[in-house]
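The lines below spell out each chain.
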Amino acid sequence: MKTITRWLRNILIFFITSTILAVVILKYIPVYITPLMLIRAVEQMIDGNAPEINHHWVPLEKISHNLPQAVMASEDNLFLKHHGFDLEQIQKAQIEAQEGKRQRGASTISQQTARNVFLWQQRSWLRKGLEAYFTFLIEKIWGKERIMEVYLNSIEMGRGIYGADAVARINFGTTPDNLTKSQSAYIAVSLPNPLHRDSGHPTAKMKKMHKTILKRMNQIDTFPRDVCAQ
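Residues numbered from 1 in each chain as written. Predicted model: local features only at pLDDT ≥ 70, side-chain atom pairs only at ≥ 80, totals over all residues. Heavy atoms only, no water.

Draft legend 1. A look at the packing of helix α5 (residues 109–118) against helix α6 (residues 125–141). Put simply, α5 and α6 touch, their axes get as near as 8 Å, and they point 110° apart. Comparing their axes, α6 and α5 come out roughly perpendicular. Between α5 and α6, the contacting residues are S110, Q111, T113, A114, R115 and F118 on the first element and R127, E131, F134, T135, I138 and E139 on the second. In the contact of α5 with α6, the residues fall into four nonpolar, four polar and four charged. (Axes fitted to C-alpha atoms, helices over the stretch in contact; angles between N-to-C directions. Helix = DSSP H or I, 4+ residues; strand = E, 2+ residues; numbered from the N terminus. Parallel < 35°, antiparallel > 145°, perpendicular 65-115°, else oblique. Contact = heavy atoms within 4.5 Å. Nonpolar A, V, L, I, M, F, W, Y, C, P; charged D, E, K, R; others polar.)

Draft legend 2. A look at the nonpolar core. Counting residues in hydrophobic clusters, the biggest one holds 46 residues, and the most contacted among them are F118 and M148. Residue assignment for this core shows that the elements contributing at least two residues are α3 (66–75), α5, α6, α7 (144–154), α8 (164–172), α9 (181–190) and α10 (204–217). Look past the residues within four positions of F118 in its chain and what remains in contact with it is A22, V23, L26, P35, F134, I138 and W142. (Core = buried A, V, L, I, M, F, W, Y, C linked by side-chain atoms within 4.5 Å. Buried < 20%, exposed > 50% of the residue type's maximum accessible area, 1.4 Å probe, protein only.)

Draft legend 3. Seen up close, the pattern of salt bridges. Per the stated rule, a full pass over the model turns up seven salt bridges. Among the salt bridges present, the one from E131 reaches R115, with a minimum N-O distance of 2.8 Å. Of this pair, E131 sits in helix α6 while R115 is found in helix α5, placing the two residues 16 residues apart along the sequence. By relative accessible area, E131 is classed as buried at 5%. Classification of R115 as buried rests on a relative accessible area of 11%. Ionic pairing is found between R127 and E131, a salt bridge with its closest N-O pair at 3.2 Å. Of this pair, R127 and E131 both sit in helix α6, separated by four residues, roughly a single helical turn. E131 shares its class with R127; the two are buried. A single salt-bridge network, built from bridges that share partners, covers R40, E43 and E156. (Salt bridge = Lys/Arg side-chain N within 4 Å of Asp/Glu carboxyl O.)

Draft legend 4. Structural context of the sheet that holds strand β1 (residues 54–55). Read across the sheet, three strands follow the order β1-β3-β2 without closing on themselves; strand pairing throughout is mixed. Edge positions in the sheet fall to β1 and β2 (156–158), since each has one partner strand and no second. Sheet topology places β1 next to strand β3 (residues 161–162); two bridges connect them, and they run parallel. Counterpart to N54 in the pairing with β3 is I161. (Pairing = 2+ DSSP bridges.)

Draft legend 5. Highlighting a nonpolar patch on the surface. Together, L12, I16, I20, L21, V24, I25, Y28 and I29 line one region of the surface with nonpolar side chains, adding up to about 710 Å² of accessible area. Relative to the helices and strands, L12 resides in helix α1 (residues 2–25). (Patch = residues over 30% accessible without salt bridge, like charges linked within 9 Å, V, L, I, M, F, W, Y side chains within 5 Å. Areas by Shrake-Rupley, 256 points an atom, 1.4 Å probe, with all protein chains shown as cover.)

In structure tokens:
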């Protein structure tokens, strides 16, 4: 029994130490690859296609301030105020699930970033627990600016498209620092389902959602302008 206890303790110590070290390291170096990028590449090969990963890291100051504003308006309007979790949205999602309504996402930008960088996408209680753990770590160690920087560089924005630089070049023929308010809003519209919503070729439904996000962008706090391109 003592051997098992010692073994479990050592595993726990190793897990905590290694994960904290990984989070500290990624506070300072770009995130060039994520688990989702690798998973999508494998899925593409299984379908008989060549793996495609369009991704190029750019610092936050080289991304138009319109984009963080748009994703906050669409995905997490309390991003600058909460500590990683939007408890009100989580409660609403739980109530709707109990009532048998269509399950909706309640993940904050911080949670999505933790999942994209450190975990996998399939839902499970294990992943949710680890997601909460990593969300806590990046909130404490990275801070909001780094979380947004990693989010905008790692989020899936289309088939084989990851991050602000790739989506700006491929879908809009521009650079991330020149993304307009309208283009940024279309990118935000696509995020909940980027494999089926093309920000460069929006459907009528996407255009309707686009108008809503543009309105919301004027109603929330702006992201610190000293770290964003004007």
